[in-house]
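Per-entry structural report
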Amino acid sequence: MSGFVLAIDQGTTSTRAILFDGQMKVVGSGQKEFTQHYPASGWVEHDPEEIWASVVTTVKAALKQAGHAAADVTAIGITNQRETVVIWDRATGKPIHNAIVWQDRRTATLCQKLKKQGLEKKFTRKTGLLLDPYFSGTKIAWMLDKVKGARRRAEKGELLAGTIDSFLIWRLTAGKVHATDATNASRTLVYNIAENAWDDELLSILNIPAKMLPEVKDCADDYGITEKNLFGAEIRILGVAGDQHAATIGQACFEPGMMKSTYGTGCFALLNTGSDLVRSKNRLLTTIAYRLNGKTTYALEGSIFIAGAAVQWLRDGIKVIGKAEQSGKLAAEADPTQNVYLVPAFVGLGSPHWDAEARGAIFGLTRNSGPAEFARAALEAVAYQTRDLLDAMRKDWKGASAKTVLRVDGGMVASDWTMQRLADILDAPVDRPTILETTALGAAWLAGSKAGVWPDAKKFAKSWALERRFQPDMDSAMRSAKLAGWRDAVRRTLSVQ
Ligand SMILES: Nc1ncnc2c1ncn2[C@@H]1O[C@H](COP(=O)(O)OP(=O)(O)O)[C@@H](O)[C@H]1O
Ligand SMILES: O=P(O)(O)OC[C@H](O)CO
């Protein structure tokens, strides 16, 4: 076997395919952005056919760039934007509706209704999640309610539901396999993370027929074989994980107490808690970090909806920069005596506030405030929000010690200024690895190790290499003052005062 492993990283704004060789080095890649649909305020959809086409195109592009054929590839690992959900026809493979994306808020009213019925505790106890429109369950219920005849057809077994990984597996195997992995299942609001099974009681509350749902497998497992005509040869699919979980693996956070944070569109911090299913008292999520050889490893997760998206707003919204990479330089020019805060609640606030109705706000403007202060406020908001998560994690679990080091990845970590400010505000070291494609690497490792062509977890962890450590370098009085200002700004932004 060759050792070549292909990772398909199906993200929120683009699809990437990356071919790694037997030494885990990137030898070819393809990337394609796809359309974001905003059919109503707070609604976000993707066309599953466009996603599927982007997967086929990028896989072919990665192979071509590397000068390899599908027959050279030992295995595929899939990783994906989480919670986004598709319902499709079992007979034709055609979706019955656009995919409803994780950022979509259309089920806020349903979540409120379930909360009023006193059901949040039950959902949290079983799934580790909260009643927020973020998760897949209420999105599936919405489609079954709104698409004519859908629930009846689902009950008859004519329709299938799944997160993006499941939809891709169904398409890649030409309708032979309907499966997902435990990490993706753990984001649906209908999966019992203690029992590792779909939860009949929650399914019945949301009126979702169990027969629509995929079989739940380990992250490194047999997910079938790609249809021969697709890429010119059959390839085994041997790894699947939600993108944040794949990044946790790619960052080799295999030990309890290790933590990674990914700064892409949003920011998602996962703290490995080992076999401990830690129940958060501070509005963090409990999730499955990964499941290998039938053994579940849990994590505490903090989910921030807007991180790099605030930089996009600087570029495309208020147009104070032309390119994302200019944001750090501009922020460094900001007047240190001004205290401008941006609370980027553009789509509500995630952990630890979970306020779906809050909207973004800026505080502390003076006549001297300009582009530089806006840029600094946008980048600092990412650091403050991460600090809020770390504080909540420390309160929730003693394993999150004061010595916690944060391993970072995602597009935003290219900004040295932001990483230094992150270390300053966290008062903890921030480690940036040499390989920043950790999400794809994690998915590839699942497939490559399952195929027996890549090293085991211990050896893989040893191959993790530091590019740069950012040490905290801020006076503690200054840090406290800045944090107090941030907390005040957040308090004034919440929808319920
Ligand atoms: N040098 C930079 N400084 C600050 N932000 C950046 C920089 N480069 C990219 N970004 C931000 O990172 C995000 C892209 O990261 P990526 O990991 O590709 O995200 P996703 O997978 O969510 O699409 C964008 O929101 C962009 O604004
Ligand atoms: O596609 P990303 O990188 O924005 O990640 C999205 C998350 O998985 C949503 O939970």
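Residues numbered from 1 in each chain as written. Chains lettered and ligands numbered in written order. Predicted model: local features only at pLDDT ≥ 70, side-chain atom pairs only at ≥ 80, totals over all residues.

Before going further, it helps to spend a moment on the UniProt feature "binding site: sn-glycerol 3-phosphate" (unreviewed entry) in the protein chain. Here, UniProt's "binding site: sn-glycerol 3-phosphate" (unreviewed entry) annotation points to Thr12, Arg82, Glu83, Tyr134 and Asp243. Within the secondary structure, Thr12 is located in the loop between strand E1 (4-10) and strand E2 (14-20). Sequence-distant contacts of Thr12, that is, excluding residues within four places in its chain, are made with Gln81, Val101 and Thr265. Along the polypeptide, Glu83 turns up in the loop between strand E5 (73-80) and strand E6 (85-89). (UniProt positions renumbered as here; feature names shortened; annotations may be inferred. Helix = DSSP H or I, 4+ residues; strand = E, 2+ residues; numbered from the N terminus. Contact = placed C-beta atoms within 7 Å.)

Right, let's talk about the site of ligand 2 for a bit. In the neighbourhood of ligand 2, 13 residues make up the surrounding shell, with Gly11, Thr12, Gln81, Arg82 and Gly264 lying closest. A per-class count over the shell around ligand 2 returns two nonpolar, eight polar and three charged. Split by domain, the shell around ligand 2 shows at least three residues from each of two domains, domain 1 (4-243) and domain 2 (252-433 + 465-497). (Near = placed C-beta within 6 Å. Nonpolar A, V, L, I, M, F, W, Y, C, P; charged D, E, K, R; others polar. Domains from an automatic or database assignment.)

All right, on to the confidence of the model for the protein chain then. Summary statistics for the protein chain give a mean pLDDT of 95 and a share of 99% for residues scoring 70 or more. On the interface metric, ipTM, the complex scores 0.97, and its pTM is 0.94. (pLDDT = per-residue confidence, 0-100.)

What follows concerns the site of ligand 1. Close to ligand 1 lie 20 residues, the nearest being Gly264, Thr265, Gly308, Gly411 and Ser415. Taken together, the elements giving at least two residues each to the shell around ligand 1 come down to helix H11 (308-317) and helix H12 (327-332). Among the elements that make up the shell around ligand 1, the one with the highest residue count is H11 (four residues). Here the residues of the shell around ligand 1 sort into five nonpolar, 14 polar and one charged.

This part takes up the environment of Trp313. In this structure, Trp313 sits in helix H11. Separated by 119 residues in sequence, Trp313 and Arg432 place their C-alpha atoms 25 Å apart.

Read from one edge of the open sheet, seven strands run E16-E17-E15-E14-E20-E21-E22, paired in mixed fashion. With partners counted over all chains shown, the strands left at the sheet margins are strand E16 (285-292) and strand E22 (466-470), one partner each. Averaged over all neighbouring strand pairs, the angle between strand axes comes to 30°, with direction disregarded. Looking at chain direction, E16 and strand E17 (residues 295-304) are connected through seven bridges and run antiparallel. (Pairing = 2+ DSSP bridges. Axes fitted to C-alpha atoms, helices over the stretch in contact; angles between N-to-C directions.)

All right, on to helix H14 (residues 416-426) then. Burial of H14 is extensive: eight of the 11 residues sit out of reach of the surface. Among the structural elements, H12, helix H13 (371-396), strand E20 (406-409), strand E21 (430-433), E22 and helix H17 (476-493) are those in contact with the buried residues of H14. Following H14 by one or two positions, Asp427 has its phi on the positive side, about 60°. (Buried ≥ 20, exposed ≤ 12 C-beta atoms within 10 Å, placed from the backbone.)

Spatially, the five strands line up as an open sheet ordered E3-E2-E1-E5-E13, and their pairing is mixed. Each end of this open sheet is capped by a strand with a single partner; those strands are strand E3 (26-33) and strand E13 (236-242). For this sheet, the mean angle separating the axes of adjacent strands, direction not counted, is 15°. As judged from the six bridges shared by E1 and E2, these two strands associate in the antiparallel manner. Following the sheet pairing, Leu6 is matched in E2 by Leu19. Across the face of the sheet, helix H6 (residues 164-172) comes into contact with E1, E5 and E13 while running at roughly 145° to E5.

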